[in-house]
Each structure stands twice: as C-alpha cells, then as structure tokens.
Amino acid sequence: MRSTPSRQARQISELAKAFAQAAGCEDWPAAESLAFKMAGLQPQNPSLQYNLAVVLRRQGRSSDALPVLDRALKLMPGHHNAAFERACALMDTGEFDKALQGFRDYLDAVPDDHDALENLSRLYLKLGDAGAAQTYACRLDGMDAGTVLLKAEIARDQGDTDRMLKLIRQAVKTSPQARTAALNIATQGSVGKLPLKSSGLF
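So, here's what we can say about the structure. Just so it is clear, the structure is predicted and the values come from calculations on it, not from any experiment.

The next subject is unusual backbone geometry. Of note in the backbone geometry, Glu26 takes a positive phi value of approximately 60° without being a glycine. Here Glu26 is to be found in the loop between helix H1 (5–24) and helix H2 (28–41). On the basis of relative accessibility, which here comes to 57%, the residue Glu26 falls in the exposed class.

Have a look at this one:
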C-alpha cells in the first residue's frame, strides 16, 4: 500500500527523531539505517541525501558518500553543506585536484567559512604549496591553538623559523595541550629543511 502524504510525513518525523538521537550518540550504523530509510521515502529531498552522505563519511566511507552527495547537488545545486561535504570526501579519497576546486567553489559562495579555509590551507600545505596555504590561512579569524599551529606550520615550510617559533609558543601559551603538536611542527621539519631541536623551544 502506498503511503499517503500525511502518513509519509509522520514516518519522516519519527525517523528524523530517531536519526537525531543516533547521530547525537555517534551510533553511525544506526544513523545510516535511518538516513537510508528517510532518503528512500523522499528520494527527491536533497537534505536527506546529504544526511545519508554525512553518516557514510563518519564511518570512513567517503567513496560511498560521493555519489550520494552528487545526487544531493543535482537536486539542489546551491546546497552549500553538500558542496562542502563533497570537497571533504574528495580530499579523503585522495582526489586532491578536485578537492581543491571543490573548496574554492564553496568559498566563492561562503567566503568566511572557517572549516573550508582551514581544510583548503592544509591541503595546499600537504601538496607543498605553502604560498597558497598562506593565502587562505590569512583569512582565518581567531587565535585558537589549531589555527595558530596551522600558521606556524606554514611559516616553517616558508623557511620563516622566527615566525614559526613565535606562533608555536603562542599556541602553547593559549592551550598547553597543544605542546605535542607544536613540538612535532618544530622538530619534524618540512621537506628539504633541517628540523629544529626540541630543547629550548618553550
């Protein structure tokens, strides 16, 4: 028997409540099952496709998430959250050129998104382009330890040791828990550069 609109709406509402509870508890297999059921009930709803893709990524299944995100964006090209998630999934699967373009396109629409700026900066850094990484990192607001350490890593790869040291000390002062990450940045060295010794850094 086919569901009437009102019955389907009740089903979606009940599933959505259970989905929120499962996701809140990070029970991703349960959340996936619920998201799949909702997406099946309303296959033309881009947000339900997006929810399914998110739980797939949370389980490390980014390659499975990509076609779901493509469906969401086909249904709603302006679905910014799906565009961001797709760029992340491309980064997860090693499709770095497509991920770079995905983050750049997303930032054209949402220029101040902290996560996208950070991800794009880190991806450029991973690919050895510290200059491009700096271009996006300088747009990051806030002085949280993670942001400061990203900028320290960029300074390291640009050969600016003095700035790197200033930034890692600032990060550790802000958050003592950042000490290990700061030491790693200072002592591992970037490609082609000598690492620093850990003594006397802080």
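Before going further, it helps to spend a moment on the nonpolar core. If you look at the biggest cluster of nonpolar residues, it comprises 48 residues, and the most contacted ones within it are Phe19, Val55, Leu69, Phe103, Leu107, Leu120 and Tyr124. Take this core: its biggest share by element is seven residues, from helix H3 (residues 46–58). Contacts of Phe19, omitting those with residues within four sequence positions, involve Ala31, Leu34, Ala35, Met38, Asn51 and Val55.

Moving on to H3. Given 3.6 residues to a turn, an α-helix orients residues that are three or four positions apart in the same direction. The end-to-end C-alpha distance of H3, which contains 13 residues, comes to 19 Å, matching closely the 18 Å that a straight helix rising 1.5 Å per residue would cover. Among the 13 residues in H3, 10 count as buried, and that is most of the element. If you check which residues of H3 are buried, you get Pro46, Leu48, Gln49, Tyr50, Leu52, Ala53, Val54, Val55, Leu56 and Arg57. Elements that come into contact with the buried residues of H3 comprise H1, H2, helix H4 (62–75) and helix H5 (80–92). Of the residues that open H3, the one with a side-chain oxygen 3.0 Å from the backbone nitrogen of Ser47 is Asn45.

We now examine the pattern of salt bridges. For side chains of opposite charge, pairing can occur when their charged atoms come near one another. Here the structure, examined in full by the defined rule, presents 11 salt bridges. Between Asp157 and Arg156 there is a salt bridge; the shortest N-O distance is 2.7 Å. Residues joined in a network through salt bridges with shared partners are Glu118, Arg122, Glu153, Arg156 and Asp157.

Moving on: the packing of helix H10 (residues 161–174) against helix H11 (residues 179–188). A pair of packed helices can be characterised by two numbers: the angle between their axes and the separation between those axes. Their axes nearest at 9 Å, the elements H10 and H11 cross at an angle of 170°. Our classification of the angle between H10 and H11 gives roughly antiparallel. Residues Met164, Ile168 and Val172 of H10 lie in contact with H11, whose contacting residues are Arg179, Ala182, Ile185 and Ala186. Residue composition of the contact of H10 with H11, by class: six nonpolar, no polar and one charged.

Thresholds, definitions, all that
Residues numbered from 1 in each chain as written. Predicted model: local features only at pLDDT ≥ 70, side-chain atom pairs only at ≥ 80, totals over all residues. Heavy atoms only, no water. Helix = DSSP H or I, 4+ residues; strand = E, 2+ residues; numbered from the N terminus. Buried < 20%, exposed > 50% of the residue type's maximum accessible area, 1.4 Å probe, protein only. Core = buried A, V, L, I, M, F, W, Y, C linked by side-chain atoms within 4.5 Å. Contact = heavy atoms within 4.5 Å. Expected span 1.5 Å × (residues − 1). Polar contact = N/O pair within 3.5 Å; in protein donor to acceptor, adjacent residues only side chain to side chain. Salt bridge = Lys/Arg side-chain N within 4 Å of Asp/Glu carboxyl O. Axes fitted to C-alpha atoms, helices over the stretch in contact; angles between N-to-C directions. Parallel < 35°, antiparallel > 145°, perpendicular 65-115°, else oblique. Nonpolar A, V, L, I, M, F, W, Y, C, P; charged D, E, K, R; others polar.

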